[in-house]
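# Coordinate analysis (summary)
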Amino acid sequence: MKVHILDDWFDTLRSLSCFAKLAAHDVTVWTDHEPDPAKLADRVKDAEALVLFRERTKIGADLLDRLPNLKLISQRSVYPHIDVAACTANNVLLCSNMHAGSPSYAAAEHTLALILASYRQIPQQTASLKAGNWQSGVGRTLRGRTLGLYGYGRIAGAVATYAKALGMNVQWWSSEAGRARAEADGETVAPSRAAFFDTSDIVSVHVRLKPDTHGIITADDLAAMQPRALFVNTSRSGLVVAGALEHEIAKNRIYAAVDVFDHEPLTDTSHSLLTHPNVLATPHIGYVTEDEFDLQFSDIFDQINAFADGAPIHMINPEVRS
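Residues numbered from 1 in each chain as written. Predicted model: local features only at pLDDT ≥ 70, side-chain atom pairs only at ≥ 80, totals over all residues. Heavy atoms only, no water.

Further remarks concern the nonpolar core. In terms of nonpolar packing, the biggest core is built from 49 residues, with Ile202, Phe231 and Leu245 touching the most fellow members. Once residues within four sequence positions are removed from consideration, Phe231 is found in contact with Val203, Val205, Ile217, Leu222, Met225, Val240, Leu245, Tyr255, Ala256 and Ala257. Listed in part, the 22 residues of the second largest apolar core include Cys18, Phe19, Phe53 and Tyr287. (Core = buried A, V, L, I, M, F, W, Y, C linked by side-chain atoms within 4.5 Å. Buried < 20%, exposed > 50% of the residue type's maximum accessible area, 1.4 Å probe, protein only. Contact = heavy atoms within 4.5 Å.)

As structure tokens, this is what we get:
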């Protein structure tokens, strides 16, 4: 098959062992991002299969209607960036392994890294040293502080394990069903949503972005956080009401460590989440490790081979096969 891989910005996949799974196919790798559907369609007009790097490119009817040769889109995990109905209308099969039971340890580790870097002022201290100065301030210790985890899922569970190993207290908030599971597992659930935000030294959100979770973190939630509290988001920016975090940060009351943004790639160097001293920002690298890529794309390439063999797996819209 003619396979086109989008948005492999550092041409990483060719160096991974899983890439050998595509040996029987004609593969084109694009190492930049093309947001314009018409221009992108011209690039990949001969593609029979598209491979996606998570949500880096939106797939809608404006692109799919221009790709009559396309038969398969292969990716991993959730797909809020893909118009499934448009895929079906264009007879394009979407395959995505939802990897039940296997959290992204890379994302969990990055969450911990952001918390540590923010509390110990690592970017500021490093910049001070490189500028010919010595210490630039005084950090804070994590042991004994309360980490509030919003969303009782797999990644949050891994973060909780790391936090407890550091001597932190962990409390939870989630959907009603999530809170029930947490209580059944013997975890500490905050007595109320307001108490969760008010009593957590750090709040880290770990929820999948879906229509019913869009804007689930409100301005009132952020305003309820105690002074000098830290808000961490390595999940999706859309989980927070648009502009709410920027508004609260502007008050110089709380801190934030964010890996995700409303518009990505974010190249506006004047954006307040990049310029405010209370914010530690990274460019959506929570899942960006060689190990995580090898795991994810091994599944993705298996989907391509299964489709080529006439026995597709992990189908999201199997009706296109009928």
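Using the criterion set out here, one finds 10 aromatic pairs in the structure. An angle of 85 degrees between the planes, with centres 5.2 Å apart, marks the rings of Phe53 and Phe293 as edge-to-face. Here Phe53, found in the loop between strand S3 (49-51) and helix H2 (61-64), pairs with Phe293, found in helix H12 (residues 290-308); they are 240 residues apart in sequence, far enough to count as distant. Overall, Phe293 belongs to the buried group, its relative accessible area being 4%. For the ring pair Phe297 and Phe301, a centre distance of 5.9 Å and an interplane angle of 45 degrees mean the geometry is tilted. Residue Phe297 and its partner Phe301 are located together in helix H12, separated by four residues, close to a single helical turn. Taken as a pair, Phe297 and Phe301 share a single burial class, namely buried. (Phe/Tyr/Trp six-rings, centres within 6.5 Å; stacked < 30°, edge-to-face > 60°. Helix = DSSP H or I, 4+ residues; strand = E, 2+ residues; numbered from the N terminus.)

Moving on to the environment of Ala89. Looking at where Ala89 falls in the secondary structure, it is placed in helix H3 (residues 84-89). The exposure class assigned to Ala89 is exposed, which follows from its relative accessible area of 65%. Sequence separation of Ala89 and Ala61 is 28 residues, and the distance between their C-alpha atoms is 8.9 Å.

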